[in-house]
Amino acid sequence: MSDGANSMWGGRFAGGVNAIMEAINASIGFDKRLYAQDIAGSRAHAAMLAAQGILTPADQQAIDAGLQQVKAEIEAGDFPFSAALEDIHMNIEARLKTIIGEPAGRLHTARSRNDQVAVDFRLWVREQCDAAIGGIDALMRAFLHQAEAGADWVMPGFTHLQTAQPVTWGHHMMAYVEMLARDRSRFEDARKRMNECPLGAAALAGTSFPIDRHMTAAALGFDRPTANSLDSTADRDFALEFLGAASICAMHLSRFAEELVIWSSAQFRFVRLSDSFTTGSSIMPQKKNPDAAELLRAKLGRILGANVALFTVMKGLALTYSKDMQEDKEQVFDAADSLMLSLAAMEGMVRDMTANVDALRAAAGSGFSTATDLADWLVRALNLPFRDAHHVTGSLVKMAEDAGIDLPDLTLEQMQSVHAGITKDVFDVLGVDNSVRSRISYGGTAPDQVRAQIARWKESLA
Ligand code: ARG
């Protein structure tokens, strides 16, 4: 390969070929976010090397003090990050060398950047699992709070976004508590599985030094060391599981976000969102746009995008480490940031929203939402086969519709003209309150059922 040819295409980039390579190769621009994890991993590694007689106590102390100084410098914002030093691992080590001199060169004994980045990233993702669990808990409490306030407020339940049957506000809120609880358990589960320490796998094959991987694992809060050095350096399942859990959680948030967009519209007026999470229009004074809800609805795009991106990076990678894997971090960073922000914004919106109880009630009774109650009553009280009851109810709905009234507004005589056996008891099941009160099956929408679920969740969150 001739330098002449290189310099021709390299000329398109200020600084030439070297600058292009540096730009594509360096990860310091983003992996500086791993500085605390990198320093924690190095301190644990050095302490273990000293305990095993691989480092002298004096060298270990110099390294430990130096690393703490580096951390302080980074946190004070006066650390000289350098793209020429590629990544966070080499930036920190180079700075350590400047501070403490020769012993810095001994830190990398029995270690490689391959196990170093694996442990740093695991520690970071593990923290994000904890943050997600905390954010989900807070959001569950916000939904519980809403559910408690309106355990018996009636509202329409929808299928196909068509009014189906009356339900309670509390029941609808508690549906999200169930979803979020599954989200939380996915993060807890992923956290358990990722809690094994890859440090000490070295480049890929382990090391000939007499290291103690159990010691470093324990020092970093892992349950145990990973058991296969090849897998340890090649694995990014922990990041994929995090993104998978994050994607499902963000999907749930997007569904409630969509409901808020619909519910806060002038056509529905089910809820009023607080001013903190809406914006006004610059030319239409009547408008209050649900911007935060819309953005929350969109965030899944980024989070699921990160998930797909990392799967695509990992697909078909021969063992063990390949530089492709450096493309893992930005996706996970962005997804984690988006998820934490989404959880916080949703918590705020849920806490601050005000239900319009009258609008909910009015909508609950519209669209012949108690038709199923009428059919069920015909089965129960008159022993009609359900199919016949369905038919009779259909005729009564048509009669009410033609008269421009609701089912409970039909007279007994009108009803008896369709089926002679109907008695005045039918009116006991026709109102929306009667309807929801009757749904007492386990997990049903009856206020008592909802209150039982609220109590159960409050206890488990306490
Ligand atoms: N910056 C690298 C990454 O993020 C660190 C590991 C580099 N290892 C190597 N053998 N080049 O993946």
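Heads up: these notes are all about the structure in this document. (Residues numbered from 1 in each chain as written. Predicted model: local features only at pLDDT ≥ 70, side-chain atom pairs only at ≥ 80, totals over all residues. Heavy atoms only, no water.)

1. Digging into the pairing of strand β1 (residues 154–159)
Consecutive side chains along a regular strand alternate between the two faces of the sheet. Heads up, the rule is: In this description, strands pair whenever DSSP reports at least two bridges between them. Starting at the N terminus, helices and strands are each numbered in turn, a helix being any DSSP run of H or I of at least four residues and a strand any DSSP run of E of at least two.
Alignment of β1 against strand β2 (residues 162–168), held across 6 bridges, turns out to be antiparallel. Each residue of the ladder has a partner; that of Met155, found in β2, is Val167. The loop that links β1 with its antiparallel partner β2 comprises 2 residues; one of these, His160, has a positive phi angle of about 55 degrees.

2. Topic: helix α5 (residues 57–76)
Condition: In a helix, the anticipated span is given by 1.5 Å times the number of residues less one. Only protein chains enter the accessibility calculation, which uses a 1.4 Å probe; a residue is then buried when its area is under 20% of its type maximum, exposed when over 50%, and partly exposed in between. Pairs of residues are marked as contacts when any of their non-hydrogen atoms sit within 4.5 Å.
The end-to-end C-alpha separation of α5 is 28 Å, in line with the 28 Å expected for 20 residues at 1.5 Å each. Every buried residue belonging to α5 is among Asp59, Gln60, Ile63, Asp64, Gly66, Leu67, Val70, Glu73 and Ile74, and all of these are buried. As for α5, its buried residues are in contact with α4 (35–51) and α6 (88–100). The positive-phi residue at the C-terminal boundary of α5 is Gly77, with phi of around 80 degrees.

3. A few points about the site of the ligand
The condition is simple: Being near a molecule or strand, for a residue, comes down to having at least one heavy atom within 4 Å of it. Counting of polar contacts relies on pairs of N or O atoms within 3.5 Å, with two restrictions inside protein: one atom must be capable of donating a hydrogen and the other of accepting it, and residues adjacent in sequence are counted only when both atoms are side-chain atoms. Residue burial considers only the protein chains on display, and all accessible areas are found by Shrake-Rupley using a 1.4 Å probe. Side-chain classes follow a simple rule in which Ala, Val, Leu, Ile, Met, Phe, Trp, Tyr, Cys and Pro form the nonpolar group, Asp, Glu, Lys and Arg form the charged group, and the remainder, Gly included, forms the polar group.
Lining the immediate surroundings of the ligand are Ser27, Asp31, Asp87, His89, Arg113, Asn114, Val117, Tyr321, Gln326 and Lys329. In the model, a nitrogen atom of the ligand is placed 3.0 Å from a nitrogen or oxygen of the Asn114 side chain. In the complex, 86% of the free accessible area of the ligand, which totals 340 Å², lies under the protein chains. The element that contributes the greatest number of residues to the shell around the ligand is helix α7 (residues 113–149), accounting for 3 residues. A per-class count over the shell around the ligand returns 2 nonpolar, 4 polar and 4 charged.

4. Some details on the pattern of salt bridges
We apply this condition: A pairing counts as a salt bridge when a side-chain nitrogen of Lys or Arg comes within 4 Å of a carboxyl oxygen of Asp or Glu.
Under the definition given, this model contains 29 salt bridges. We note a salt bridge from Arg122 to Asp235, for which the minimum N-O separation is 3.0 Å. Residue Arg122 is located in helix α7, and its partner Asp235 is located in the loop between α10 (229–234) and α11 (237–263); the two are separated by 113 residues in the primary sequence. The pair Arg122 / Asp235 is uniform in exposure class, with both members buried. The residue Asp328 makes a salt bridge to Lys329 at a minimum N-O spacing of 2.8 Å. What emerges from the salt-bridge pattern is a single network uniting Glu86, Asp87, Arg113 and Lys323.

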